[in-house]
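# Chain and residue survey
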Amino acid sequence: MSTIDDLGDVRGKRVLVRSDLNVPLQDGVIGDDGRIRASVPTINKLADKGARVIVCAHLGRPKGQVKPEFSLAPVAERLGELLGREVRFATDTVGDSARATADALQDGEVALLENLRFEAGETSKDDAERGAFADRLAALAELYVGDGFGAVHRKHASVYDVPQRLPHAAGGLIAAEVDVLRRLTGEPARPYAVVLGGAKVSDKLGVIANLLGKVDRLIVGGGMAYTFLKAQGHEVGNSLLQEDQLDQVRGFIEEAAKRDVDLVLPVDVLAATEFGPDAPHEVVDATAIPADREGLDIGPRTRELFASKLADAATVFWNGPMGVFEFDAFSGGTRAVAEALIASGAFTVVGGGDSAAAVRRLGLPEDGFSHISTGGGASLEYLEGKTLPGLSALED
């Protein structure tokens, strides 16, 4: 996979950079700018080399329609603040504004195009429609740099088709993500522990199946833990449960035993009377959750148990919160796991998405972890062993 340095002298050349700027946005206010900050080094490197940088990205799911609430205009302003340089904003993606903005750029200047997903061709499953949009996007530039790791699992025009039309390279963010993920799937230092949380077992099926043969410990918390507990025959009350996954989970439990993988589940939980930030709750055994209660976080004994299983780990991958961390009363389990990762001294990877958001929301030091992924779903698909279209396009 080529890097920016392999592109040679980029001074005076228009470089299209596919970044991941898909941040939470409400009424024009950015809730978490982590992905914007992660995009800054590659953009600044190109601009410092004298390139004329044209950044493109998506935000949300406008489904091929122009919807003002999904405009990247607020992102352009924040990106400019973080870059320390003006970011010109094109009010369309491949139209008159985009072409005029790209043509007006001088050496070292940066522009951001409007939301790629305002164009139906970006996400089209029809190769011809997607290719036609890619032609217009590629025409804006002379070189392409893929740096939006969070989108590389999508066969979208800006990710898959454009790099086939221009000399291309991977940006620093994608290069770092791939290096980390190869380290997790190759020959990781042991003991190797994986911590999985979040709401649904179904979101992690492929990851669990692929990693059971690679890990020493699999620690399961969050909403998905209740399906594991139910699969063992325990009462889980009103807790989140995927009954259609019970047989699959029983298979995982059996496979873990066969492979001598230490499968670690909660031993106590915070069981609430309802789902809400101020819901009355109590600590109960994870194997006997009252029928009228739902688990919203792991309990104090589980926090100690999980921390003990991480204390001597050499490699840890964590994806998914341990509870409803958005509610202060149910954020303690996620905080405990994060702090255990920091204290472990291991090579620690936070798998993007809600996990990365939790680190920032809880005010934990980002440099306390070896790597915080921006990948989310892309990271999980890589760990499942899937081929990611955006990476394949950059490797050609």
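Look up: the structure comes first, before these words.
Here's what I pulled together on the structure shown here. (Residues numbered from 1 in each chain as written. Predicted model: local features only at pLDDT ≥ 70, side-chain atom pairs only at ≥ 80, totals over all residues. Heavy atoms only, no water.)

### A look at the pattern of salt bridges
The following threshold applies: Should a side-chain nitrogen of Lys or Arg be within 4 Å of a carboxyl oxygen of Asp or Glu, the pair is scored as a salt bridge. A run of H or I in DSSP becomes a helix once it reaches four residues, and a run of E becomes a strand once it reaches two; helices and strands are each numbered from the N terminus. Burial status follows relative accessibility: with a 1.4 Å probe on protein chains alone, a residue under 20% of its type maximum counts as buried, one over 50% as exposed, and anything between as partly exposed.
For the structure on display, the rule yields 29 salt bridges. With a shortest N-O distance of 2.8 Å, Arg-78 and Asp-33 are connected by a salt bridge. Note that Arg-78 is positioned in helix H2 (residues 73–83) and Asp-33 in the loop between strand S3 (29–30) and helix H1 (34–48), a separation of 45 residues in sequence. The class of Asp-33 is buried, set by a relative accessible area of 15%. The shortest N-O distance in the salt bridge between Asp-96 and Arg-99 comes to 2.4 Å. Linking Asp-96 with Arg-99, this pair stays in helix H3 (residues 96–104), spanning three residues, or about one helical turn. Each of Asp-32, Asp-33, Arg-37, Arg-78, Glu-81, Arg-360 and Glu-366 takes part in one network of salt bridges that share partners.

### Brief notes about the side chain of His-371
Basically, it comes down to this: Distance and chemistry together define a polar contact, namely a pair of N or O atoms within 3.5 Å, with one atom able to donate a hydrogen and the other to accept it when in protein, and with adjacent residues in sequence counting only for side-chain atoms on both sides. Any pair of residues with heavy atoms lying within 4.5 Å of one another is described as a contacting pair.
On the secondary structure map, His-371 appears in strand S17 (residues 371–372). Reaching out from His-371, the side chain makes a polar contact with the side chain of Glu-177 at a distance of 3.2 Å. Not counting residues up to four positions away in its chain, the partners in contact with His-371 are Ala-176, Glu-177, Val-180, Thr-348, Val-349 and Val-350.

### Brief notes about helix H13 (residues 353–361)
Note the threshold: The arc in question is traced by the directions running from the helix axis to the C-beta atoms.
Residues of H13 that are buried: Ser-355, Ala-356, Ala-358 and Val-359. With its buried residues spanning 155° around the axis, H13 presents them on a single face. Following H13 by one or two positions, Gly-363 has its phi on the positive side, about 70°.

### Notes on the sheet that holds strand S15 (residues 315–319)
Two modes of strand pairing occur in sheets, parallel and antiparallel, and in both the strands are linked by backbone hydrogen bonds. We count it as follows: When DSSP finds two or more bridges between a pair of strands, those strands are recorded as paired. For helices, the fitted line uses only the C-alpha atoms of the stretch in contact; every axis is such a line through C-alpha atoms, and the angle between N-to-C directions lies from 0 to 180 degrees.
Strand order in the open sheet formed by six strands is S11-S10-S9-S15-S16-S17, and the pairing between neighbours is parallel. Here the strands that pair on one side only, and so sit at the sheet edges, are strand S11 (262–264) and S17. Bridge analysis of strand S10 (residues 217–220) against S11 gives three bridges, and the strand direction is parallel. Across the sheet, Arg-217 pairs through a bridge with Asp-262, a residue of S11. Its contacts with the sheet put helix H11 (residues 300–310) on strand S9 (192–196), S10, S11 and S15, and the angle it makes with S10 is roughly 155°. This element, helix H12 (residues 332–344), spans S9, S15 and strand S16 (347–350) of the sheet and lies at about 155° to S15.

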